[in-house]
Amino acid sequence: EAVAAEWMLEFACSCLCRHFAERSGAEFWRWRDVAQALINGLSQIPPHQKKTVYLCQLLIRIAQGKSLGLQFENDQRISPLESALSFWTLLEREEIKLEKLHEEIRRLIQIQIVAVHMENRYFKEAAEVLERMFTDSESDKPLRVKLATIIKTKDPYVPLLQSFSYGLLISKIKSYIKLFMKENETNFLIQEATKHVVSKGLGATALQNRLVEVNENGKSDFETKQRFVLSLILLKDVLGQTLATSTFPMFFKFVFFCSLNNMQNVGKTGDSLPCSRRRQRWTHNEDLELKLGVREFGVGNWAKILVHGNFNNRTSVMLKDRWRTLSKIK
């Protein structure tokens, strides 16, 4: 079980990294839930997986860094980006190289912690968070002084905040992800699943023919599904017998059978559908939650609406489809 959990966490982290870099919101949130469940199931973090866990937690917080209403820590004052900074600090301790990139990302997170508070006109809170970040008076003194001066102006659009923007932070995080993925190309599930496919005669030729059929817009989406399916083939063969026993954790059973359902749907239609035995009817209360969410966050912000709404086992894709249906009815 421990070995299987490690494989799945590595794969979940790989998916999180890829979907973060590709700005694939719905898929990112789906794998966030899987990664978070796996992490929560750890009694302690294995030393060789610390970077994996820290990176997952960092990406989850960076992705929601502008949502000050979300809480990741027991202390309600701690914003998502402050929480992200603590995990970035842990990541830095696990590495001795990339010193320049480490410093750039650290400064960008620090600046954006202040910037996000100022954008929401929380100037008092911005001053308080500055004190928490720089407890030592001599630590990063030039940046601390600059940020303190900016907070006093109460202007969130000063050149420093615009130059070291949230977009630049995302770009630097992507650079880090690229290096992380390069170092972790030996993901066990992907490697073994690829060998299995090749051994079954389903390798390069069929894949190349299939890729020719898809257009440029669909290529990335297909390749994502392809990797997902490859990993599940290995899970099916390696874990199939174990999953049938009652000793295997219920969460893994759920993920496995949910994934098999997705794999079958990908094979038939080219699209991955949510895991369920039958289509679940939308209730009147869920429709109201969806309408309230659209009114508050706007059409298209399905991930935010999902997080803040009271829905029964829904995904952001389900919310989007239901809204399309409700719009037609109206």
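See the structure shown above.
Because the structure is predicted, anything quoted here is derived from the model rather than measured.

Engineer: Go over the overall build of the chain, please, and point to the residues and values.
Structural biologist: Scanning the chain from N- to C-terminus turns up 16 helices and zero strands. Looking at the chain as a whole, 42% of its 330 residues qualify as buried. Partitioning the intrachain contacts of the chain with sequence separation of at least 6 by distance along the chain shows that 65% fall at a separation of at least 24. As displayed, the chain offers around 18900 Å² of accessible surface, 51% of which is attributable to carbon and sulfur atoms.

Engineer: Tell me about the environment of W282, and please be specific about residues and values.
Structural biologist: Its place among the elements puts W282 in the loop between α13 (250–269) and α14 (284–297). If near-sequence neighbours (up to four positions away) are discounted, W282 is found in contact with D287, L290, F311, R314, M318, L319 and R322.

Engineer: Residues and numbers for the nonpolar core, please.
Structural biologist: If you look at the biggest cluster of nonpolar residues, it comprises 63 residues, and the most contacted ones within it are L55, L58, L59, I62, V114, L147 and L169. Filtering out sequence-adjacent residues up to four positions away, L55 remains in contact with C13, C17, L91, Y176 and F180. Judged by nonpolar contacts, the second largest core, of nine residues, contains W282, V294, W302 and I305.

Engineer: Kindly report on the packing of aromatic side chains, identifying the contributing residues and their values.
Structural biologist: Under the definition given, this model contains six aromatic pairs. Aromatic side chains F11 and W31 sit 5.4 Å apart centroid to centroid with 85° between the ring planes, which places their arrangement in the edge-to-face category. With F11 in helix α1 (residues 2–21) and W31 in helix α2 (residues 25–40), this residue pair connects regions lying 20 residues apart in the sequence. Comparing F11 with W31, the two get one shared label, buried. A centroid spacing of 5.1 Å and a plane angle of 80° characterise the contact between F28 and W29, whose relative ring orientation is edge-to-face. Since its relative accessible area comes to 13%, W29 is described here as buried. Taken together, the ring pairs connect F20, F28 and W29 into an aromatic cluster. Positioned over the ring face of W282 is R314, at 4.2 Å from the centre of the ring.

Engineer: Got a sec to walk through the packing of α1 against helix α3 (residues 50–63)? Specific residues and values, please.
Structural biologist: Contact geometry for α1 and α3: axes closest at 10 Å, N-to-C directions at 35°. For α1 against α3, the interelement crossing comes out left-handed. Within the contact between the two elements, α1 uses L9, C13, L16, C17 and F20 and α3 uses T52, V53, L55, C56, L59, I62 and A63.

Engineer: Could you give an account of the pattern of salt bridges, with specific residues and numbers?
Structural biologist: Opposite charge on two side chains allows them to pair when their charged atoms are near. All told, the structure shown has 13 salt bridges when counted by the stated rule. Between E92 and R106 there is a salt bridge, with the nearest N and O atoms lying 2.8 Å from each other. Placement of E92 in helix α4 (residues 80–93) and of R106 in helix α5 (residues 99–119) is noted, with a sequence separation of 14 residues between them. Looking at E92, the relative accessible area reads 18%, which means it is buried. By relative accessible area, R106 is classed as buried at 17%.

Engineer: Describe the packing of α3 against α4, naming the residues involved and giving the relevant values.
Structural biologist: Taken N-terminus to C-terminus, the directions of α3 and α4 make an angle of 160°; their axes are 8 Å apart at the nearest point. By the angle between their directions, the pair α3 and α4 is classed as roughly antiparallel. Relative to α4, α3 is oriented so that their crossing is left-handed. Contact with α3, carried on its side by K51, Y54, L55, Q57, L58, R61 and I62, involves P80, L81, S83, A84, F87, W88, L90 and L91 of α4 and no other residues of that element. Looking at the contact of α3 with α4, its residues break down into 11 nonpolar, two polar and two charged.

Engineer: Outline the state of the cysteines, listing residues and values.
Structural biologist: With the rule as written, the count across this model stands at zero disulfides. There is no disulfide at C15, and the cysteine sulfur nearest it, in C13, is 9.3 Å away.

Engineer: Explain α4 to me, using residue names and the numbers behind them.
Structural biologist: Between the first and last C-alpha of α4 there are 20 Å, a value that for 14 residues agrees with the 20 Å anticipated at 1.5 Å per step. Among the 14 residues of α4, 10 are classified as buried, and the element is accordingly described as predominantly covered.

Engineer: Could you give an account of the environment of E82, with specific residues and numbers?
Structural biologist: Along the chain, E82 turns up in helix α4. In this structure E82 comes out as buried when scored by relative accessible area, which is 11%. Non-local contacts of E82, meaning those with residues more than four positions away in its chain, are made with R77, I113, V129 and R132.

Engineer: Describe α3, and please don't skip the residues or the numbers.
Structural biologist: The terminal C-alpha atoms of α3 lie 20 Å apart, and with 14 residues this matches the ideal 20 Å at 1.5 Å per residue to within 8%. In terms of burial, α3 is a largely internal element, 12 of the 14 residues being buried. Three or more residues of α3 are buried, namely K51, T52, V53, Y54, L55, C56, Q57, L58, L59, I60, R61 and I62. Looking at the buried side of α3, the elements it contacts are α1, α2, α4, α5 and α9 (166–183).

Calculation notes
Residues numbered from 1 in each chain as written. Predicted model: local features only at pLDDT ≥ 70, side-chain atom pairs only at ≥ 80, totals over all residues. Heavy atoms only, no water. Helix = DSSP H or I, 4+ residues; strand = E, 2+ residues; numbered from the N terminus. Buried < 20%, exposed > 50% of the residue type's maximum accessible area, 1.4 Å probe, protein only. Contact = heavy atoms within 4.5 Å. Areas by Shrake-Rupley, 256 points an atom, 1.4 Å probe, with all protein chains shown as cover. Core = buried A, V, L, I, M, F, W, Y, C linked by side-chain atoms within 4.5 Å. Phe/Tyr/Trp six-rings, centres within 6.5 Å; stacked < 30°, edge-to-face > 60°. Lys NZ or Arg CZ within 6 Å of the ring centre and 35° of its normal. Axes fitted to C-alpha atoms, helices over the stretch in contact; angles between N-to-C directions. Left-handed = near helix turned anticlockwise from the far one by under 90°. Salt bridge = Lys/Arg side-chain N within 4 Å of Asp/Glu carboxyl O. Parallel < 35°, antiparallel > 145°, perpendicular 65-115°, else oblique. Nonpolar A, V, L, I, M, F, W, Y, C, P; charged D, E, K, R; others polar. Disulfide = S-S within 2.5 Å. Expected span 1.5 Å × (residues − 1).

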